[in-house]
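Residue-level structural notes
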2 protein chains.
Amino acid sequence: MTSILSSTFLLPSFTSHNTSSYVYPKPILHHHHHHLNITTPLRVKATLSMEKEIPESQRPLTFLKPSESDSSSSTIRSRFEKMIRETQDTVCNAIESTDGGAKFKEDVWSRPGGGGGISRVLQDGAVWEKAGVNVSVVYGLMPPDAYRAANPSSSSSSSSSSPPSPVPFFAAGISSVLHPKNPFAPTMHFNYRYFETDAPKDAPGAPRQWWFGGGTDLTPAYIFEDDVKHFHQTQKSACDKFDPSFYPRFKKWCDDYFYIKHRDERRGLGGIFFDDLNDYDQEMLLSFSTECANSVVPAYIPIIEKRKDLPFTDQHKAWQQLRRGRYVEFNLVYDRGTTFGLKTGGRIESILVSLPLTARWEYDHKPEEGSEEWKLLDACINPKEWV
Amino acid sequence: MTSILSSTFLLPSFTSHNTSSYVYPKPILHHHHHHLNITTPLRVKATLSMEKEIPESQRPLTFLKPSESDSSSSTIRSRFEKMIRETQDTVCNAIESTDGGAKFKEDVWSRPGGGGGISRVLQDGAVWEKAGVNVSVVYGLMPPDAYRAANPSSSSSSSSSSPPSPVPFFAAGISSVLHPKNPFAPTMHFNYRYFETDAPKDAPGAPRQWWFGGGTDLTPAYIFEDDVKHFHQTQKSACDKFDPSFYPRFKKWCDDYFYIKHRDERRGLGGIFFDDLNDYDQEMLLSFSTECANSVVPAYIPIIEKRKDLPFTDQHKAWQQLRRGRYVEFNLVYDRGTTFGLKTGGRIESILVSLPLTARWEYDHKPEEGSEEWKLLDACINPKEWV
């Protein structure tokens, strides 16, 4: 099962009472040698009505519904929210401290029915040109079809376990993209999220479902082997504390996910990525997600400290900007969280804070074979083992 | 009927023998007040195999198949190809002459089975930072379902008129995006195209289908009312020579098409746009398309001459770059030609030449009410009547 919650900027805040309709091209193309095959578009209308987010002047203790936060602070929901909010503080403090100049601007919002978020953005700092670190909590309704697709065992068993009405869900996540100024200092992205459905009331026996997802990945414009090895080794060490299969599996998943199909290249040098993970102990996966989130600062900040003040030329900067263009292409064309957020009327500024401050597209740019630019491109086309 | 051939950069050249598969989110979302509704993705696999384009050292007299170009030069196909190639020459000459510095770089290609194209790109000129003018001719196969959808009358009549096998089609088009450097000089895009199916051999009585499409639109960062009026008046004059209903209808169509839904704003100040036009005399529509194409230079170049050397500040440039970011968002997220081209393995450099050389995204940027930047944004949110 592939969840729509696989997102760079998961869980955007949603604007109020929009009605959306959009057209999708019908993506069924048949094979005919020597000919271009086209189809007409499939028109699908979708309507969506979102409760408007309300700006808050200060951060609430929790975005959970009062009934839940009162009854127990030991639920996975509650502990996951606590973890991502602590991670947001830790990462933002580390960024501000390393930047030495700019401070994060914070936007807090909530929704009357429960849920909300904290967006923090640092722009035009001494080290980072744009850094966004967002947390959010969403309460929603999952249509029965989606529930069945997400939970195949319930549809193959008795019909009583397949709920006829929408299933409430809960989702919480942290998402961050950090774009430095210096072309030798890499961009980093991470995102950790937890998803849970309620046990459907009208389908006795249907279980409560839950998943974890997330990952951390590095996108440099130039390769410093030591940096990339340090980054991957930190991810591997976090993984190895839990399961020796995790790092190789999630490293490959990351290479597969951040793939710019129309370029046949990845946006960067990967890291780890996982989604819809529920075939392990829930406590173990909460600990694993926490370990991954705690690894963000030690994986990334030492690299920035080493590279942030290196001298560079206009040519280095132009190449960084071309790679930023690829970042934009991936996020706007492929990233499921971004494209889902745009289509459903999410809070645009939270979704698109993942885009770099500036980007560049040159016609038919090809790095000279053997150059440093070519080496980066080669590693994006042919993913390497770094540790 | 909405054709996939509604494109900014229609008719890209296709790379060879790729097999594609992609995942679409299932875009059916039900309305529930106060809740976010999600669905699981619908997985659709599509395969596509394209004949590889062959670089040519010089422009052929025609990209039509030899049998067609020999038999008659008076067909609509032949005359349309001639028109777009003349337009390419005229526009490129005018751009080079006004730029005074850079020259277009030309890439010519063909396919063994017929068809090909000429891409011309001027980069980093004195006036334009990136200007692309492409023509292409494609021979392809349309699946029966698409033919029926494109031609409803054939499916509602006897089954013999609904072809059971793919229908060959022909398409030719010119497409251009011109991005100047000076923030007071507007970007312009135009695209004119002709589409034709063969009469299906195995469905006697099923007619040969044809359509015209295209448009010309203006995207300034700052409004000079005289410029916008001149631009729209030139489009209106071209339209009025043929049908008084054309300009109001195609002006609105343009405002509707170049809509950035997630921003609730248009990418620019519009012009004209039409698609799937076949309910007029074919000769008339060929003349109309020719008139529109001939109006590109007189609509645009006088504006550039007036604005290309105006002094500007870093703030003006930053606002232009933010609007270029919107251009990228529209083209990568919504433009049907771009998204279709990316998904089907088109020639990436031809498709993405429409993107600006540089673009910018600032978090939560809001122009001050009443400022020149605010006036432009207001006109993109609330389309105006200019003539």
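In this numbering scheme, every chain counts its residues from 1 along its sequence in written order. Numbering of ligands from 1 and lettering of chains from A proceed in the order in which they are written. Totals for whole chains, interfaces and linings use all residues, but because this is a predicted model, local features are given only for residues with pLDDT of at least 70 and pairs of side-chain atoms are given and counted only at 80 or more. Only hydrogens and water are set aside when side-chain values are computed; all heavy atoms of the structure are taken into account.

Under an unreviewed UniProt entry, chain A has the name coproporphyrinogen oxidase and belongs to Lupinus albus. UniProt positions are given in the numbering used here, feature names are shortened, and annotations may be inferred rather than shown by experiment. Taken from UniProt, the Pathway (unreviewed entry) comment for chain A reads in full: "Porphyrin-containing compound metabolism; protoporphyrin-IX biosynthesis; protoporphyrinogen-IX from coproporphyrinogen-III (O2 route): step 1/1." Quoted verbatim from the Subunit (unreviewed entry) field of UniProt, the annotation for chain A is "Homodimer."

This next bit is on the pairing of strand S5 (residues 105-110) of chain B. All names here are of chain B. When DSSP finds at least two bridges between two strands, those strands are taken to pair. A helix here means a DSSP run of H or I that spans at least four residues, while a strand means a run of E at least two residues long, and both kinds are numbered starting from the N terminus. In this sheet, S5 lies alongside strand S4 (residues 54-56) in antiparallel orientation, the contact comprising 3 bridges. Looking at the pairing, Pro55 lines up with Trp109 of S5. Note: S5 against strand S6 (residues 116-123), 6 bridges, orientation antiparallel. The partner of Asp107 across the bridge, within S6, is Ser119. Taking the residues that link successive antiparallel strands as the turn, the S5-S6 hairpin has 5 residues, and the phi of Gly114 there is positive, at about 115°.

On to empty space enclosed by the protein. The pocket and cavity definitions rest on a 1 Å grid over protein atoms only: a 1.4 Å probe that fits but cannot leave marks a cavity, an open set with protein on both sides within 12 Å along at least five of seven lines marks a pocket, and residues lining either have an atom within 4 Å of a point. Grid points are joined across faces, edges and corners, and a volume is the space filled by probe spheres set on the points. Here the structure, examined in full by the defined rule, presents 15 cavities of 30 Å³ or more. By volume, the largest cavity amounts to about 140 Å³. Taken together, 15 residues form the lining of the largest cavity, with Glu349 of chain A together with Arg263, Arg326, Glu362 and His365 of chain B sitting closest to its centre. Tallying contributions element by element places helix H9 (residues 314-334) of chain B first for the lining of the largest cavity, with 4 residues.

Residue and element names in this part refer to chain A. Where helix H7 (residues 282-294) meets helix H8 (residues 296-307), the axes come as close as 4 Å, and the angle between the chain directions of the two elements is 15°. Between H7 and H8, the interaxial angle falls into the category roughly parallel. Every residue of H8 that contacts H7 at Cys292, Ala293 and Asn294 is listed here: Val296, Val297 and Pro298. Residues are grouped as follows: Ala, Val, Leu, Ile, Met, Phe, Trp, Tyr, Cys and Pro are nonpolar; Asp, Glu, Lys and Arg are charged; every other residue, Gly included, is polar. Split into classes, the residues belonging to the contact of H7 with H8 amount to 5 nonpolar, 1 polar and no charged. Axis geometry follows a simple rule: fit a line to the C-alpha atoms, using only the stretch in contact for helices, then measure angles between N-to-C directions, giving values from 0 to 180 degrees. An angle below 35 degrees is treated as roughly parallel, one above 145 as roughly antiparallel, one from 65 to 115 as roughly perpendicular, and anything else as oblique. In what follows, a contact means two residues having at least one pair of non-hydrogen atoms within 4.5 Å.

Moving on, we get to the environment of Val333 of chain A. Inspection of the secondary structure puts Val333 of chain A in helix H9 (residues 314-334). Ignoring any residue separated from it by four or fewer positions in sequence, one finds Val333 of chain A in contact with Thr339 of chain A together with Leu332 and Leu342 of chain B.

Before going further, it helps to spend a moment on unusual backbone geometry. Residues and elements named next belong to chain B. Backbone geometry at Asp124 places phi at a positive 55°, although glycine is not the residue there. Looking at where Asp124 falls in the secondary structure, it is placed in the loop between S6 and strand S7 (128-142). Type-normalised accessible area, obtained with a 1.4 Å probe on protein chains alone, sets the label of each residue: buried when under 20%, exposed when over 50%, and partly exposed for intermediate values. We classify Asp124 as exposed; its relative accessible area is 53%. Here the phi dihedral of Asp264 falls at roughly 55°; this positive angle occurs in a residue that is not glycine.

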